[in-house]
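For reference, the chains in residue letters:
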Amino acid sequence: MKSYMIIGQYVPGHSFIHRLDPRTKLMIIFTFVFIVFFANNLVSYSWLTLFAFAAVLLTQLRLGYIIKGITPVWFLIVFTLLLHIIVTKEGPILLEIGSFAIHQGGIERGLMISWRFMLLVLVTSLLTLTTAPMEITDALEMLLGPFKKLRIPVHELALMMSISLRFIPTLLDETEKISKAQASRGVDFRTGSMKSRIYAIVPLLVPLFISAFKRAEDLAMAMEARGYRGSEGRTKLRQLQFKRIDYITAIVYLAVMIMFLFLRQ
Amino acid sequence: MVAIEFRDVYFRYNEDTPWVLKNFNLKIESKETVAILGHNGSGKSTIAKLANGLLMPQAGEIFIDDRKITPTNVWEIRQKIGMVFQNPENQFVGTTVRDDVAFGLENRAIAREEMLRRIQESLQQVGMEAYENHEPHHLSGGQKQRVAIASVMAIHPQVLLLDEATAMLDPRGKKEILATVLSLKEQLAITTVMITHDLQEISIADRVIVMNKGAIFKDTTTDKLFNSHQELQSIGLTIPLSVQLAIELEQYGYPFSTYPLKQEELIETLWKSHLKM
Ligand SMILES: Nc1ncnc2c1ncn2[C@@H]1O[C@H](COP(=O)(O)OP(=O)(O)O)[C@@H](O)[C@H]1O
Ligand SMILES: [Mg+2]
């Protein structure tokens, strides 16, 4: 129960990427996600791939571990590839089986799209692998700070996120406890048809929800007793500070992207 | 000075339910250590929440440090009276120990430098300074409750109010909390109110208030409490085994000056009493 996918699984460490300010990482990844869509030839794809692999190396994480972490997404990548091969009818025919034909354009398009997809997944997984969820929350709160003026409750959203993160282990423990309790009463979660397994979830979810609501009520009371009254007039213990490596990274990233503009057609 | 005063307080949760507190009066002097006892539903938590301004009485007045609680000053009052709740899990707000202690300080707009100093100070007071960066799910129940106490102490309150803070802990956790409360009492001149239904815990209190059906049933000192053991049993409190044994022994002619709350105390008194004979 306790092992979740490594997308979202933080690996503590002290590598270059680990030490970057989470805001730097967020901004780079956010812009990278857009930029990937502008790659349109082999050279520009290769350039971005080189960048991604350089980033992977800098995390000092084992490549196998990262690849394994994005396994759930492999399926989607392969699916995209196949879909394009089947659907696209452009360029010369490479292979013909009865009425079904594979075109060169299909292979090219499919490879490009899935390659793009893989780059996106790889780079975004680097964020969650090297940044503690709480750091991401802090970074989001600070980066989105200006939106408070538009009455977007940035602080409240960040607090909600941090409380959710804090209660994930608690709720997982509880799920395990309840599922054991229900299993000992004869509820079968593992065998039977899909329908009966879905029905078996109900006696798990109901007590879980009831207890989660009770927890929320208690927590709200405790927060009020400790003087919580919204974001106004609050100071913050957690602080983020851009350091030298952040400036260096920003400059290098900018250079890489300018180079990219020259390399694409 | 009076730390907490309830004056003719009436409180009920709903219009159509009976009064939980009816014409309730209570005075707790500054620097006293008071235990509030009573069976489930006798109104103990209601008293705590009223004292903290989490609930407002329908009639009557409540004073903290001689200041009446009103809707406008309730935030200041909460700075004077820190509260620890029963469930260790459900009052841990931060993702780490230090974030949790910081939460109350952030709410009060304490400057960051001061915050760092106070986090150190209050974690030391409860003996949790080595766990500053630990996450809650790596802590025991007793440790979480000690962090909850530290979070409250960081605000520098005048009153520490524990509402059955040990009820969900194992014997070791209970011991940890009692030792922590005792050492705080020695280090700082602080008013301590411990709500409990565990009669073992009253050993560190100077004064014991027994609640029954929303009214004070008995207001006495710790030593004298068990002189009226029959009455206590009649309102559904369980007398600790050591006290029960002492009461039985008395009928066989072994007098006790005070009833022992712990087994060791009982043994101590017994062998000494044998020496006297
Ligand atoms: N939130 C609530 N809503 C309605 N009734 C409540 C609520 N909390 C407590 N009560 C009732 O008030 C009475 C006193 O409860 P409480 O102060 O929690 O007692 P204690 O802490 O001594 O167990 C009980 O009869 C209880 O049922
Ligand atoms: Mg209670």
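Analysis parameters
- Residues numbered from 1 in each chain as written.
- Chains lettered and ligands numbered in written order.
- Predicted model: local features only at pLDDT ≥ 70, side-chain atom pairs only at ≥ 80, totals over all residues.
- Heavy atoms only, no water.
- Helix = DSSP H or I, 4+ residues; strand = E, 2+ residues; numbered from the N terminus.
- Rg over C-alpha atoms; globule rule 2.2 N^0.38 Å.
- Buried < 20%, exposed > 50% of the residue type's maximum accessible area, 1.4 Å probe, protein only.
- Contact = heavy atoms within 4.5 Å.
- Buried area = accessible area lost by both parts, 1.4 Å probe.
- Salt bridge = Lys/Arg side-chain N within 4 Å of Asp/Glu carboxyl O.
- Nonpolar A, V, L, I, M, F, W, Y, C, P; charged D, E, K, R; others polar.
- Axes fitted to C-alpha atoms, helices over the stretch in contact; angles between N-to-C directions.
- Parallel < 35°, antiparallel > 145°, perpendicular 65-115°, else oblique.
- Left-handed = near helix turned anticlockwise from the far one by under 90°.
- Pairing = 2+ DSSP bridges.
- Expected span 1.5 Å × (residues − 1).
- Arc of directions from axis to C-beta.
- Near = heavy atom within 4 Å.
- Polar contact = N/O pair within 3.5 Å; in protein donor to acceptor, adjacent residues only side chain to side chain.
- Areas by Shrake-Rupley, 256 points an atom, 1.4 Å probe, with all protein chains shown as cover.
- Phe/Tyr/Trp six-rings, centres within 6.5 Å; stacked < 30°, edge-to-face > 60°.
- Lys NZ or Arg CZ within 6 Å of the ring centre and 35° of its normal.
- Domains from an automatic or database assignment.
- Bend = angle between axes of the 7 residues up to and from the residue.

### Re the overall build of chain B
Point 1. Along its length, chain B carries nine helices and 10 strands.
Point 2. For 277 residues, the compact-globule formula gives about 19 Å, and the C-alpha radius of gyration of chain B, at 20 Å, lands near that figure.
Point 3. C-alpha atoms of chain B, sized along the principal axes, occupy 65 × 50 × 35 Å.
Point 4. Counting every position in chain B, which comprises 277 residues, the buried fraction comes to 55%.

### A short note on the interface of chain A and chain B
Point 1. Taken together, the contact pairs 28 residues of chain A with 34 residues of chain B.
Point 2. Buried surface at the junction of chain A and chain B, both sides included, amounts to about 2800 Å², of which 56% is carbon and sulfur.
Point 3. Of all residues in chain A, the largest losses of buried area upon contact with chain B belong to Arg166(A), Arg226(A) and Leu237(A), amounting jointly to 32% of the total for that side.
Point 4. On inspection of chain A and its partner chain B, the count reaches five salt bridges.
Point 5. For Arg234(A), the salt bridge goes to Glu106(B), with nearest N and O atoms at 3.2 Å.
Point 6. No other element matches helix 9 (residues 194–225) of chain A, which puts nine residues into the side of chain A that touches chain B.
Point 7. A class-by-class count of the residues in the side of chain A that touches chain B yields 12 nonpolar, six polar and 10 charged.

### Points about the packing of helix 5 (residues 141–153) of chain B against helix 6 (residues 171–187) of chain B
All names here are of chain B.
Point 1. At their nearest, the axes of helix 5 and helix 6 sit 8 Å apart, and the two run at 25 degrees to each other. As far as their axial angle goes, helix 6 and helix 5 are roughly parallel. For the crossing formed where helix 5 meets helix 6, the hand is right-handed. Each of Gly-142, Gln-143, Gln-145, Arg-146, Ile-149 and Met-153 in helix 5 lies in contact with helix 6, whose residues at this interface are Gly-173, Glu-176, Ile-177, Thr-180, Val-181 and Leu-184.
Point 2. Tallied by class, residues from the contact of helix 5 with helix 6 come to five nonpolar, five polar and two charged.

### Notes on the sheet that holds strand 1 (residues 2–11) of chain B
Residue and element names in this part refer to chain B.
Point 1. The strand order across the open sheet formed by four strands is 2-1-4-5, and the pairing between neighbours is antiparallel. Each edge of the open sheet is held by one strand with a lone partner, namely strand 2 (21–29) and strand 5 (67–68).
Point 2. By the bridge criterion, two bridges tie strand 4 (residues 59–64) to strand 5 in an arrangement that is antiparallel. For Ile-64, the partnering residue across the bridge sits in strand 5 and is Arg-67.

### Brief notes about helix 3 (residues 42–59) of chain A
Residue and element names in this part refer to chain A.
Point 1. Compared with the 26 Å implied by 1.5 Å per residue over 18 residues, the 26 Å span of helix 3 between its first and last C-alpha is a close match.
Point 2. Among all positions of helix 3, only Ser-44, Tyr-45, Leu-48, Thr-49, Phe-51, Ala-52, Ala-55, Val-56 and Thr-59 are buried. Down the axis of helix 3, the buried side of the element spans an arc of 155 degrees, and every buried residue falls inside it. Facing away from the buried surface of helix 3 by more than 90 degrees, the exposed residues are Leu-42, Leu-50 and Leu-57.
Point 3. Looking at the buried residues of helix 3, the elements they touch are helix 1 (16–19), helix 2 (22–35), helix 4 (63–69), helix 6 (104–130) and helix 10 (244–263).

### Side note on the site of ligand 1
All names here are of chain B.
Point 1. The local shell around ligand 1 consists of Tyr-13, Val-20, His-39, Asn-40, Gly-41, Ser-42, Gly-43, Lys-44, Ser-45 and Thr-46.
Point 2. Between ligand 1 and Ser-42, the relevant distance is 3.3 Å, taken from an oxygen atom to a main-chain nitrogen or oxygen of the residue.
Point 3. Compared with its free state, where it exposes 550 Å², ligand 1 has 57% of that area covered by protein.
Point 4. Its residues assigned to classes, the shell around ligand 1 comprises two nonpolar, seven polar and one charged.

### Observations regarding the packing of aromatic side chains
Point 1. One pass over the full model with this rule turns up 10 aromatic pairs over all chains.
Point 2. When the centroid spacing of 5.3 Å and the interplanar angle of 75 degrees are considered together, the rings of Tyr10(B) and Trp19(B) count as edge-to-face.
Point 3. Among the residues examined, Tyr10(B) registers a relative accessible area of 26% and is labelled partly exposed.
Point 4. Given a relative accessible area of 31%, Trp19(B) falls into the partly exposed group.
Point 5. Joined through ring pairs, the aromatic side chains of Phe32(A), Phe51(A) and Tyr253(A) make up one cluster.
Point 6. Arg23(A) extends its terminal NZ or CZ atom over the ring of Phe242(A), reaching a point 3.9 Å from the ring centre.
Point 7. Geometry around Phe217(B) places Lys218(B) over its ring, the cationic atom sitting 5.9 Å from the centre.

### Digging into the side chain of Asn107(B)
Point 1. Along the chain, Asn107(B) falls in helix 3 (residues 97–107).
Point 2. Of note is the side chain of Asn107(B), whose polar atom sits 2.7 Å from the side chain of Arg234(A).
Point 3. Not counting residues up to four positions away in its chain, the partners in contact with Asn107(B) are Met223(A), Arg226(A), Gly227(A), Tyr228(A), Gly233(A) and Arg234(A).

### Looking at the domain arrangement of chain A
All names here are of chain A.
Point 1. On domain assignment, one finds that chain A holds domain 1 (8–146 + 241–263) and domain 2 (154–225).
Point 2. Relative placement of domain 1 and domain 2: their C-alpha centres are 34 Å apart.
Point 3. Contacts between the two partners involve seven residues from domain 1 and, on the opposite side, six residues from domain 2.
Point 4. For the pair domain 1 and domain 2, the two sides together bury roughly 540 Å², of which 81% comes from carbon and sulfur.
Point 5. Counting the surface domain 1 buries against domain 2, the share from its top three residues, Met-134, Thr-137 and Glu-141, is 67%.
Point 6. Run the count over domain 1 and domain 2 and you get zero salt bridges.
Point 7. For the pair domain 1 and domain 2, the number of links is zero residue pairs in polar contact (both at pLDDT 80 or more).
Point 8. Along the lines of polarity and charge, the residues of the side of domain 1 that touches domain 2 split into four nonpolar, two polar and one charged.

### Regarding helix 8 (residues 154–184) of chain A
Point 1. Here helix 8 of chain A contains 31 residues, and its C-alpha end-to-end distance of 44 Å stays within 8% of the 45 Å for a straight helix at 1.5 Å per residue.
Point 2. A maximum bend of about 40 degrees is found in helix 8 of chain A at Phe167(A), where proline Pro169(A) lies one to four positions downstream.

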